[in-house]
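Notes for the structure review
Below are the chains, spelled out letter by letter.
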Amino acid sequence: MKKQMIFQKLVCLIALLAAAIAFFFSLGLLTDIYKLMFAVGVRGSELFKQMQPFNRQLVIRCIAMILLAVLLYVTRTQLRRRYYISNYVAIGGTVILNVLFSSLSIARILEYKRRFLTEVDFEAWLALRESIPDFPYTESTLWLDLNIAMQSLVIAASLLLVINLLWKTKLMKFEDKLLSGKIKPGSLQLEV
């Protein structure tokens, strides 16, 4: 039971940190694409403005993921020896919404990354830079890739919450059998 309790505290912390890191990186999603805004007349330069509503939506989703992770702490999921209905609801809601939000976000980011790499006329943009030396230019998709990685981290943290829930449920059933006398203490293994 001790190993599971340590794991449970760690998993709740990982879920909170993953959501917070995803929020931080969502703020920088358009860092590289921002430079495209100045390339007026270059094919694909409208992508920056088209991504603005999604970026706002991503930030709101990340805030929701942080609040869901805080709900785990409000219901004391990280400390409970036995889970109650509130813990199941908190874990279920966190896992379902985190996976849903992250999956939708990853799909949209991949679509915008594809559009950036295929629709933008990098040659015309580079020609502007050659005529104006300090003109912003990039072909980098670093911030898009970082956001995909952070959203994937949120999904991984959610899967850890599911593993923790299954482990906890198994231990609770075992403890119930032990307390009801269905299992004799002398025939026990040291830890389940």
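Keep in mind the model is a prediction, meaning the values are calculated, not measured. (Residues numbered from 1 in each chain as written. Predicted model: local features only at pLDDT ≥ 70, side-chain atom pairs only at ≥ 80, totals over all residues. Heavy atoms only, no water.)

**Some words on the overall build of the protein**
The helix and strand tally for the protein stands at 5 helices and 0 strands. Going from the N terminus to the C terminus, the protein shows its helices and strands as α-α-α-α-α. Considered along the principal axes of its C-alpha atoms, the protein spans approximately 85 × 25 × 20 Å. For the protein, long-range pairs separated by at least 24 residues make up 79% of all intrachain contacts whose partners lie at least 6 apart in sequence. Approximately 10600 Å² of the protein is accessible, and the part contributed by carbon and sulfur atoms is 69%. Placing the 23 positive and 13 negative side-chain charges of the protein at their respective mean positions leaves the two points 21 Å apart. (Helix = DSSP H or I, 4+ residues; strand = E, 2+ residues; numbered from the N terminus. Contact = heavy atoms within 4.5 Å. Areas by Shrake-Rupley, 256 points an atom, 1.4 Å probe, with all protein chains shown as cover. Lys, Arg positive; Asp, Glu negative; His and termini not counted. Charge placed at Lys NZ, Arg CZ, Asp CG, Glu CD.)

**Observations concerning the packing of helix α3 (residues 85-119) against helix α5 (residues 142-180)**
Pairs of packed helices are described in terms of their axes, by the angle between the two and the distance that separates them. Packing of α3 against α5 leaves a shortest axis separation of 9 Å and a crossing angle of 155 degrees. Judged on the interaxial angle alone, α5 and α3 are roughly antiparallel. Crossing of α3 over α5 shows left-handed handedness. In terms of residue class, the contact of α3 with α5 is made up of 15 nonpolar, 10 polar and 2 charged. (Axes fitted to C-alpha atoms, helices over the stretch in contact; angles between N-to-C directions. Parallel < 35°, antiparallel > 145°, perpendicular 65-115°, else oblique. Left-handed = near helix turned anticlockwise from the far one by under 90°. Nonpolar A, V, L, I, M, F, W, Y, C, P; charged D, E, K, R; others polar.)

**A few points about the pattern of salt bridges**
Within the structure shown, the criterion is met by 5 salt bridges. A salt bridge links Lys 113 to Asp 145; the nearest nitrogen and oxygen atoms lie 2.6 Å apart. One end of the pair, Lys 113, is in helix α3; the other, Asp 145, is in helix α5, and 32 residues separate them in sequence. We classify Asp 145 as partly exposed; its relative accessible area is 31%. Its salt-bridge partner being Arg 115, residue Glu 119 comes within 3.1 Å of it at the nearest N-O pair. Of this pair, Glu 119 and Arg 115 are both found in helix α3, 4 residues apart, which corresponds to roughly one turn of the helix. Overall, Glu 119 belongs to the partly exposed group, its relative accessible area being 27%. (Salt bridge = Lys/Arg side-chain N within 4 Å of Asp/Glu carboxyl O. Buried < 20%, exposed > 50% of the residue type's maximum accessible area, 1.4 Å probe, protein only.)

**A short note on the nonpolar core**
As a rule of thumb, nonpolar side chains are buried together in soluble globular proteins. Leu 29, Ile 33, Leu 36, Met 51, Ile 109, Phe 116 and Trp 125 are the most contacted members of the largest nonpolar core, which has 34 residues in total. When contributions to this core are tallied by element, the ones reaching two or more residues are α1 (2-26), α2 (47-74), α3, α4 (122-131) and α5. When near neighbours in sequence (up to four residues on either side) are disregarded, Ile 109 contacts Leu 29, Phe 54, Leu 58, Leu 144, Asn 147 and Ile 148. Core analysis: the next-biggest nonpolar cluster, separate from the first, contains 11 residues, Ala 15, Leu 72, Ala 90 and Val 95 among them. (Core = buried A, V, L, I, M, F, W, Y, C linked by side-chain atoms within 4.5 Å.)

**A look at the environment of Arg 129**
For Arg 129, the position within the fold is in helix α4. Through-space distance from the C-alpha of Arg 129 to that of Glu 111 is 26 Å; in sequence the pair is 18 residues apart. Those residues within four positions of Arg 129 in sequence are excluded, and the remaining contacts are Phe 135 and Tyr 137.

**Looking at a nonpolar patch on the surface**
Judged by side-chain polarity, Leu 13, Leu 17, Ile 21 and Leu 153 come together as a nonpolar surface patch covering roughly 300 Å² of accessible area. As for its position among the elements, Ile 21 is in helix α1. By relative accessible area, which is 33% here, Ile 21 ends up partly exposed. (Patch = residues over 30% accessible without salt bridge, like charges linked within 9 Å, V, L, I, M, F, W, Y side chains within 5 Å.)

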